[in-house]
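Listed below are the residues making up each chain.
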Amino acid sequence: MFLVIRVRGTTGVIQKVADTLHMLRLNRINHAVLVEENPSYEGMLQKSKDYITWGEIDAELLAEIIAKRGRIEGNNKVTDEFVAENSDYANIAELAEALINSDVKLADVGIKPVFRLHPPRKGYEDIRLSINEGGSLGYRGEDIKDLAKRML
């Protein structure tokens with residue numbers, strides 16, 4: 001499971017890339033979504049790599065993101081009680097583990113698929129360069145956890 005975060009804005013985006021970002025539901029800066037690891041999503045990530053960053057996420061961090069930034073209908077926060085009532089899982093941690101294993105999706109539980117994060121503390125590295133060049137864009141691998149923690 002990948003966590004995908006939009007880093008750059010909409011100015012000057014090529015239409016095909018803009019359509020791909022729209023399909024990923026990344027319409028604004030600092031929005032994040034969960035994406036499964038499969039060839040079609042990986043192609044979408046490669047196409048829009050100049051505007052996003054992504055990497056693998058673990059269940060512990062995902063539970064923290066859902067608890068702090070997860071929203072349900074009416075812009076209310078996700079709680080353990082909501083998860084217990086609307087799913088087969090007792091709390092957010094169990095739900096996060098099931099999401100990592102692709103047993104359930106956020107929409108099945110009633111949680112909005114987009115997480116609206118804060119800008120990162122200490123800022124992004126450079127929003128025009130890839131990770132390999134010392135910037136913020138592209139595939140991060142496990143380092144996405146550090147960025148996500150700074151954005152909570």
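Anything mentioned here points back to the structure above.
Residues numbered from 1 in each chain as written. Predicted model: local features only at pLDDT ≥ 70, side-chain atom pairs only at ≥ 80, totals over all residues. Heavy atoms only, no water.

Student: Pulling in residues and values, what's your account of the overall build of the protein?
Tutor: Counting secondary structure elements, the protein contains seven helices and seven strands. Each of the 152 residues in the protein was classed as buried or not, and the buried ones make up 45%. In the protein, once contacts between residues fewer than 6 apart in sequence are set aside, the share between residues at least 24 apart is 70%. Looking at the protein as shown, the accessible area adds up to about 8200 Å², and 46% of this sits on carbon and sulfur atoms. The average position of the 21 basic charges and that of the 24 acidic charges among the side chains of the protein differ by 11 Å. (Helix = DSSP H or I, 4+ residues; strand = E, 2+ residues; numbered from the N terminus. Buried < 20%, exposed > 50% of the residue type's maximum accessible area, 1.4 Å probe, protein only. Contact = heavy atoms within 4.5 Å. Areas by Shrake-Rupley, 256 points an atom, 1.4 Å probe, with all protein chains shown as cover. Lys, Arg positive; Asp, Glu negative; His and termini not counted. Charge placed at Lys NZ, Arg CZ, Asp CG, Glu CD.)

Student: Can you tell me about the environment of Ala98, naming the residues and giving the values?
Tutor: By the secondary structure assignment, Ala98 is in helix α5 (residues 92-100). Its relative accessible area of 4% is what places Ala98 among the buried residues. Apart from the residues lying within four places of it in its own chain, the contact partners of Ala98 are Tyr89, Asp103 and Val104.

Student: So what's going on with unusual backbone geometry? Which residues, and what values?
Tutor: Positioned with a positive phi, Arg25 is a non-glycine residue whose angle comes to about 65°. Structurally, Arg25 is set in the loop between α1 (15-23) and β2 (31-35). A relative accessible area of 38% places Arg25 in the partly exposed class. With a phi angle near 70°, Lys122 is a residue other than glycine that sits in the positive phi range. Relative to the assigned elements, Lys122 resides in the loop between β6 (114-116) and β7 (138-139).

Student: An account of the packing of aromatic side chains is needed here, citing residue identities and associated values.
Tutor: Two aromatic rings, taken as a pair, are described by how far apart their centres are and by the angle between their planes. One pass over the structure, following the stated rule, counts two aromatic pairs. Ring plane angle 80° and centroid distance 6.4 Å describe the contact between Phe2 and Tyr139, whose orientation is recorded as edge-to-face. Linking Phe2 in strand β1 (residues 2-6) with Tyr139 in strand β7, this pair joins segments that are 137 residues apart in sequence. For Tyr139, a relative accessible area of 41% gives the class partly exposed. (Phe/Tyr/Trp six-rings, centres within 6.5 Å; stacked < 30°, edge-to-face > 60°.)

Student: So what's going on with the environment of Asn30? Residues and values would help.
Tutor: Counting through the fold element by element, Asn30 comes out in the loop between α1 and β2. Among the residues examined, Asn30 registers a relative accessible area of 9% and is labelled buried. Along the sequence, Asn30 and Asp126 sit 96 residues apart, while their C-alpha atoms lie 14 Å from each other. Side-chain polar atoms of Asn30 contact the side chain of Tyr124, separated by 2.4 Å. (Polar contact = N/O pair within 3.5 Å; in protein donor to acceptor, adjacent residues only side chain to side chain.)

Student: If you had to explain the nonpolar core to someone new, which residues and values would you point to?
Tutor: Core analysis: the biggest nonpolar cluster contains 34 residues, and Leu3, Ile5, Ile66 and Ile111 have the highest contact counts within it. Mapped onto this core, the elements with two or more residues apiece are β1, β2, α3 (59-69), α4 (80-86), α5, α6 (106-109) and α7 (144-151). If you count residues domain by domain, this core takes at least three from each of domain 1 (2-58 + 115-151) and domain 2 (59-112). With residues up to four places along the chain from it excluded, the contact list for Ile66 reads Val78, Ile92, Leu99, Leu106, Ile111 and Phe115. In terms of nonpolar packing, the next biggest core, distinct from the first, is built from 15 residues, Leu21, Leu26, Tyr51 and Ile52 among them. (Core = buried A, V, L, I, M, F, W, Y, C linked by side-chain atoms within 4.5 Å. Domains from an automatic or database assignment.)

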